[in-house]
Amino acid sequence: MGWSSWNTYRVHISDSLIVRQAKAMVSTGLKAKGYQFINVDDGYFGHRDAQGFMQPHPTRFPKGMKAVADSIHALGLKAGLYSDAGRVTCGSIWDKDSIGIGAGLYGHEEIDAEQYFRNWGYDFIKIDYCGATQELDLPEEPRYRAIKQAIDKVAGRPIDINVCRWAYPGTWVTDVATSWRISGDIAPKWGSVMTIINKNRFLSAYAKNGHYNDMDMLEIGRGLTPDEEQTHFGMWCIMSSPLLIGCDLTTIPASSLALLKNERLIALNQDSLALQPEVVWRKGEAYVFAKDFRQRNGNTRVTAFYNATNKPFTFSVPLSTFCLAGKTKLTDIVSGKKLRATSDSIIATVAPHATLFLQLEAKQRLEPTHYEAEWAFLPLFDDLGKRSKPVSYQDVEGASGGAVIKNVGGSKENLARWNEVYSKEGGNYRIDIRYYPRKDSQLHLHVNGQPVSLSGSVQTQGQPQTISATIKLRPGNNTIEMNSPYTWTPDIDCFDLTKM
Ligand code: GLA
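Residues numbered from 1 in each chain as written. Predicted model: local features only at pLDDT ≥ 70, side-chain atom pairs only at ≥ 80, totals over all residues. Heavy atoms only, no water.

1. Observations concerning the site of the ligand
And then number 1: Residues in contact with the ligand amount to 13 residues; listed here are only the nearest, Asp41, Asp42, Lys126, Asp128 and Asp185.
And then number 2: In this structure, aspartate 128 approaches the ligand through a side-chain N or O atom, which is 2.7 Å from an oxygen atom.
And then number 3: When the free accessible area of the ligand is taken as 310 Å², the share hidden by the protein chains comes to 95%.
And then number 4: Sorting the residues of the shell around the ligand by element identifies helix H4 (90-94) and strand E6 (124-128) as the ones contributing at least two each.
And then number 5: Of the residues contributing to the shell around the ligand, the split by class is 6 nonpolar, 1 polar and 6 charged. (Near = heavy atom within 4 Å. Polar contact = N/O pair within 3.5 Å; in protein donor to acceptor, adjacent residues only side chain to side chain. Areas by Shrake-Rupley, 256 points an atom, 1.4 Å probe, with all protein chains shown as cover. Helix = DSSP H or I, 4+ residues; strand = E, 2+ residues; numbered from the N terminus. Nonpolar A, V, L, I, M, F, W, Y, C, P; charged D, E, K, R; others polar.)

2. Things to note about the pattern of salt bridges
And then number 1: For the structure on display, the rule yields 33 salt bridges.
And then number 2: Among the ionic pairs, arginine 145 bridges to aspartate 175, the shortest N-O distance being 3.0 Å. Separated by 30 residues along the polypeptide, arginine 145 in helix H7 (residues 140-155) and aspartate 175 in helix H8 (residues 173-176) bring together distant segments of the chain.
And then number 3: Arginine 145 gets classed as partly exposed once you look at its relative accessible area, which sits at 31%.
And then number 4: Ionic pairing is found between arginine 296 and glutamate 420, a salt bridge with its closest N-O pair at 3.0 Å. Placement of the pair is arginine 296 in the loop between strand E12 (286-292) and strand E13 (300-307) and glutamate 420 in strand E22 (residues 416-423), with a sequence separation of 124 residues.
And then number 5: Under the relative-accessibility criterion, arginine 296 is labelled partly exposed at 35%.
And then number 6: The exposure class of glutamate 420 is partly exposed, given its relative accessible area of 35%.
And then number 7: Taken together, the salt bridges that share partners define one network made up of Asp292, Arg296, Arg301, Arg365 and Glu420. (Salt bridge = Lys/Arg side-chain N within 4 Å of Asp/Glu carboxyl O. Buried < 20%, exposed > 50% of the residue type's maximum accessible area, 1.4 Å probe, protein only.)

3. Digging into the nonpolar core
And then number 1: If you look at the biggest cluster of nonpolar residues, it comprises 131 residues, and the most contacted ones within it are Phe233, Trp418 and Ile471.
And then number 2: The contacts of isoleucine 471, once residues within four sequence positions are left out, are Gly427, Asn428, Tyr429, Ile431, Leu445, Val447, Val452, Ile480 and Leu497.
And then number 3: Listed in part, the 20 residues of the second largest apolar core include Val288, Ile346, Ala348 and Ala362. (Core = buried A, V, L, I, M, F, W, Y, C linked by side-chain atoms within 4.5 Å. Contact = heavy atoms within 4.5 Å.)

4. Let's talk about the state of the cysteines
And then number 1: On inspection of all chains with the given rule, the structure shows 1 disulfide.
And then number 2: Linked covalently through their sulfurs, cysteine 90 and cysteine 130 form a disulfide whose S-S length is 2.0 Å. Around the S-S axis, the bridge from cysteine 90 to cysteine 130 shows a dihedral of about 100° and counts as right-handed. Of this pair, cysteine 90 sits in helix H4 while cysteine 130 sits in helix H6 (residues 130-135), placing them 40 residues apart in sequence. The pair formed by cysteine 90 and cysteine 130 is uniform in burial state, with each residue classed as buried.
And then number 3: Of all cysteine sulfurs, the one in cysteine 90 lies closest to cysteine 164, which takes part in no disulfide; the gap is 6.5 Å.
And then number 4: Between cysteine 247, a free cysteine, and cysteine 237, which holds the nearest cysteine sulfur, the sulfur-to-sulfur gap is 14 Å. (Disulfide = S-S within 2.5 Å.)

5. Quick look at helix H10 (residues 226-238)
And then number 1: Its 13 residues place the ends of H10 18 Å apart at the C-alpha level, agreeing with the 18 Å of an ideal helix rising 1.5 Å per residue.
And then number 2: Of all 13 residues making up H10, 10 are buried, and the element is well covered by its neighbours.
And then number 3: When we look at burial in H10, the residues that qualify are Glu228, Glu229, Thr231, His232, Phe233, Gly234, Met235, Trp236, Cys237 and Ile238.
And then number 4: Contact partners of the buried residues in H10: helix H9 (190-200), helix H11 (254-260), helix H12 (263-270), E12, E13 and strand E18 (355-365).
And then number 5: Phi turns positive, to about 55°, at serine 240, one or two residues after H10. (Expected span 1.5 Å × (residues − 1).)

6. Focus: the side chain of glutamate 219
And then number 1: Topologically, glutamate 219 is positioned in the loop between strand E9 (212-214) and H10.
And then number 2: According to the relative accessible area criterion, glutamate 219 is buried, its value standing at 2%.
And then number 3: Polar contacts involving the side chain of glutamate 219 include one to the side chain of arginine 222, which spans 2.6 Å.
And then number 4: Every residue in contact with glutamate 219, bar those within four places of it in the chain, is listed here: Asn7, Ile186, Ala187, Pro188, Leu224, Glu229 and His232.

7. Some details on the packing of aromatic side chains
And then number 1: According to the stated counting rule, one finds 30 aromatic pairs in the structure shown.
And then number 2: Taking the centre distance of 6.5 Å and the plane angle of 45° together, the rings of phenylalanine 289 and tyrosine 306 count as tilted. In this pair, phenylalanine 289 sits in strand E12 while tyrosine 306 sits in strand E13, placing the two residues 17 residues apart along the sequence. Neither residue differs from the other here; phenylalanine 289 and tyrosine 306 are each classed as buried.
And then number 3: An aromatic cluster of at least three residues, connected via ring pairs, comprises Tyr44, Phe45, Tyr82, Tyr116, Phe117, Trp120 and Tyr122. (Phe/Tyr/Trp six-rings, centres within 6.5 Å; stacked < 30°, edge-to-face > 60°.)

8. Thoughts on the sheet that holds strand E11 (residues 278-283)
And then number 1: A sheet is described by the order of its strands in space; here 6 strands give the open sequence E11-E12-E13-E18-E15-E16, paired in antiparallel fashion. Edge positions in the sheet fall to E11 and strand E16 (338-342), since each of these pairs with one other strand and no more. Each strand axis lies, on average, 25° off the axis of its neighbour in the sheet, ignoring direction.
And then number 2: Direction of pairing for strand E15 (residues 324-332) relative to E16: antiparallel, over a ladder of 3 bridges. In the sheet register, threonine 328 faces E16, and the bridge partner there is threonine 342.
And then number 3: Across the sheet, H10 is in contact with E12, E13 and E18; its angle to E18 comes to roughly 40°. (Pairing = 2+ DSSP bridges. Axes fitted to C-alpha atoms, helices over the stretch in contact; angles between N-to-C directions.)

Here it is, written out as structure tokens:
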């Protein structure tokens, strides 16, 4: 949680501007709500001295970068910086800020780490990829690993790293970064907010244990409508994204400030479970997301009824969709108001572009029986668009949850894994796997690492099918894997479990 200079100021920043924003972080009461980082994005670079050490921009940062970090720290906040994995920064390309040429980390990994973290005292770095893609065409994984290694070697303390490759870069990123951008740059427009939520709905399996999908800096206070702002902030909160405010804190509208300080929304984001919700229900562009809150498999869950359409939408969602039953108390998370309890369905009309965030406290938590393909962890998944026939999540009309996984198979490693298949007491279950047939495909099933035989071979053409097996689950979490080491698998849609 914090603030970053880019959305409002681009490269037109200065030492006094940054310190002013840091002070406003305290005076607006945002610091007291948990916002702590003040991040200097692109635009502070000057020249490299004779030894190669980066110097601050001569006119924008005459007081120097250490003085800025010191002022931020003196306010009880943390300080962040920006760089690029290549030789040139994005600003030097897109904003014609030619001073950023040669400012990137490429060839200066250790010396920059020494300057930024030891000499200047910054705590966080966002590492962009403009120079590394456009100028040098470097592969992402080795490049970011090398930078991380240099930072670890030189910094002398843990530094938070943000990988800014504008797409989910691959599962290796958890070793390198505490957060990673999943999309191109956000804009203060509804279409942009919607696109980012849409991308992130497939990425819940990749966020955990202090490593998060970064939905980009917030555009709150920058002209979206109140409903859109609520969707934007609330979805960033429930999806456990970093929350980096992007507006001018000294002129922020009161309603936007109040939203950013909403403790109940912030609690969704800062929950110690650190989960990202999954889509549990969908009709066209109306989605219901849900996740556990405070306790795994407990009776309390949080949910977002997200209306991405341009018309009011009436949701009618059975409680069983949330694996809850019995009398269930509903709280509107934004207002804190208690709503009428229910024991069957949640019915709510949500305005266009708006989202209703609800906390559900049920009498009973049911064992989950339904798992979507789009919740699976795919070890070889990335969204870089570099490979032909990459393993991916794809929207398919008529599919359960609206999507399937495609291009699983062809190697032992290219599998789909559900890590948290929960059984309360363990025992024998029937698994029914729904799939879309694919030419020359096969399907192999493993439960907790052990192969399980299916009731037959999968169909390789025609309509969606179901194939079954009897499996044994142990009490607690189980792992289910589907793959095919030498051929493709069919396009997997979902599976259901029935206790025998
Ligand atoms: C890229 C990043 C932005 C910002 C700019 C700076 O576009 O994605 O968030 O950091 O570079 O030039």
